Amino acid sequence: MAIAKAERLMNLALCLMNTRRPLSKRELRESVEAYREAWQSGSEDAFNRMFERDKDDLRELGLVIDVDENTLDGEAGYLARRDRNRLPEIALDAEEAAALSLAAKVWQQARLSGAASGALQKLRAAGVPFTEDAAEGRTALEPYIPVREAAFEPLLIAARDRRPVSFDYRKAGAALTEPRSVEPWALECWRGHWYLAGWDRDRGAVRVFRLSRITGKVRSRSAAFTAPVPEHVDVRAAVAAFAGEGATASATVRLRRGAGFPLRTKALGARQLDGDWDELEIPYGHGLGADLAEYGPDLVVLAPEELRADVIDRLRAVAGLPAQGLAVEGGLR
């Protein structure tokens, strides 16, 4: 059925683009075999429904179809003028082509991998200089963006169509998930993780969500957005702000030797305490406690006190204990 429909759409598009005058539905019915068969089966309504669906599908794919109500036989005529359906010449330099090629690799593990590969092939045929086409441009290392999260595709579609979504989300350090209702704005990969930025309806504020912490199915809603969408959504900056990046304050932590390498990369200073522990000074900002709690017994917050209490409460929540400020040495006691 899928092949038959694709062939029918192609035949209809060819008819509309290769005529100098508008064609009526009767003429199109005689020109497209599938329409003629539907009509000969004795169902005029079936043909009309099929034609209207196909016409809408072609328009959704980007074909501009004009309707002329003043044809000679008095019926509406349809025509896809080539000048209105011709793409402008595509000119990309080597850096732009490389960025586009890398972007297409995002879809290697998603349902649109075939469409992405087809788009690259069309651009190659148009003469776009993709560096991987040349033997000298190949190296042993190839940039790669993984897309393992099942939530990626439905969130991307919802952001494109401006449709609110709901999902269950587990915050860092939390034992249980909680429902979230979000107006998705944009997705971005940062430091090996995919993040969603959008408007959290329940909290009435901008929030970022790591896709790996979304559990269950992403449910799309038909309602419209309630908050204005910014002209430019900087997901990376939003994630960085919640992760303490660029913060003016700092925190002091004790980190077990051989652990916490992502944390060590952004340390402002470090010194060895003994054979098992190092002391690090790290940027401190909103949301840092959630990230530090993930290190469990390998990390101890020394200062400031509010960050220490935040991490302790998160660890106690995971352990199923009541939240209270207790001293921690190498984990909960």
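This text gives an overview of the structure that appears in the document. Computed from a predicted model, the values in this text were never measured in an experiment. (Residues numbered from 1 in each chain as written. Predicted model: local features only at pLDDT ≥ 70, side-chain atom pairs only at ≥ 80, totals over all residues. Heavy atoms only, no water.)

1. A short note on the packing of helix 3 (residues 33-40) against helix 4 (residues 44-60)
Piece 1. Where helix 3 meets helix 4, the closest approach of the two axes is 7 Å, and the angle between their N-to-C directions is 155 degrees. Looking at the two axes, helix 3 sits roughly antiparallel to helix 4. Read as a crossing pair, helix 3 and helix 4 show a hand that is right-handed. Seen from helix 3, the contacting residues are A34, Y35, A38 and W39; seen from helix 4, they are E44, F47, M50, F51 and D54.
Piece 2. Taken together, the residues of the contact of helix 3 with helix 4 break down into 7 nonpolar, no polar and 2 charged. (Axes fitted to C-alpha atoms, helices over the stretch in contact; angles between N-to-C directions. Helix = DSSP H or I, 4+ residues; strand = E, 2+ residues; numbered from the N terminus. Parallel < 35°, antiparallel > 145°, perpendicular 65-115°, else oblique. Left-handed = near helix turned anticlockwise from the far one by under 90°. Contact = heavy atoms within 4.5 Å. Nonpolar A, V, L, I, M, F, W, Y, C, P; charged D, E, K, R; others polar.)

2. Here's the deal with helix 11 (residues 305-319)
Piece 1. End to end, helix 11 covers 21 Å across 15 residues, agreeing with the expected 21 Å (1.5 Å per residue, within 8%).
Piece 2. Among the structural elements, strand 9 (249-256), strand 11 (277-284), helix 10 (288-293) and strand 12 (299-303) are those in contact with the buried residues of helix 11. (Expected span 1.5 Å × (residues − 1).)

3. Regarding the packing of aromatic side chains
Piece 1. On inspection of all chains with the given rule, the structure shows 8 aromatic pairs.
Piece 2. Between the aromatic rings of Y35 and F51, the centroid separation amounts to 6.1 Å while the plane-to-plane angle is 80 degrees, which identifies the pairing as edge-to-face. Pair noted here: Y35 is in helix 3 and F51 is in helix 4, with a separation of 16 residues, a long-range link. Grouping residues by exposure puts Y35 and F51 together as buried.
Piece 3. Judged by centre distance (6.4 Å) and plane angle (65 degrees), the ring pair of F167 and Y169 falls under edge-to-face. (Phe/Tyr/Trp six-rings, centres within 6.5 Å; stacked < 30°, edge-to-face > 60°. Buried < 20%, exposed > 50% of the residue type's maximum accessible area, 1.4 Å probe, protein only.)

4. Things to note about the environment of N18
Piece 1. Structurally, N18 can be placed in the loop between helix 1 (2-17) and strand 1 (23-24).
Piece 2. In sequence terms N18 and R81 are 63 residues apart; their C-alpha atoms lie 8.5 Å from each other.
Piece 3. For N18, the side chain forms a polar contact with the main-chain oxygen of L14, separated by 2.8 Å. (Polar contact = N/O pair within 3.5 Å; in protein donor to acceptor, adjacent residues only side chain to side chain.)

5. Some details on the pairing of strand 9
Piece 1. Sheet topology note: the strand 9/strand 11 ladder contains 8 bridges and is antiparallel. Bridged to A249 within strand 11 is Y284.
Piece 2. Two strands pair when backbone bridges link them, and strand 9 and strand 12 are joined in this way by 4 bridges, in the antiparallel orientation. Residue pairing in the sheet places R254 in a bridge with V300 of strand 12. (Pairing = 2+ DSSP bridges.)

6. Structural notes on the nonpolar core
Piece 1. By size, the foremost hydrophobic cluster in this structure holds 18 residues, and its most contacted members are L12, L16, L28, Y35, F51 and L58.
Piece 2. Looking at this core, the elements with two or more residues in it are helix 1, helix 3 and helix 4.
Piece 3. Here the element with the most residues in this core is helix 1; it accounts for 5 residues.
Piece 4. With sequence-adjacent residues up to four places away left out, L12 is seen in contact with L28, V32, Y35, F51, D54, K55 and L58. (Core = buried A, V, L, I, M, F, W, Y, C linked by side-chain atoms within 4.5 Å.)

7. Section: the sheet that holds strand 10 (residues 269-272)
Piece 1. In space, the 4 strands of this open sheet follow the order 10-11-9-12, with antiparallel pairing throughout. A single partner strand is all that each edge strand has here, and the edge strands are strand 10 and strand 12. For this sheet, the mean angle separating the axes of adjacent strands, direction not counted, is 25 degrees.
Piece 2. Docked against the sheet, helix 11 engages strand 9, strand 11 and strand 12, running at close to 150 degrees with respect to strand 12.

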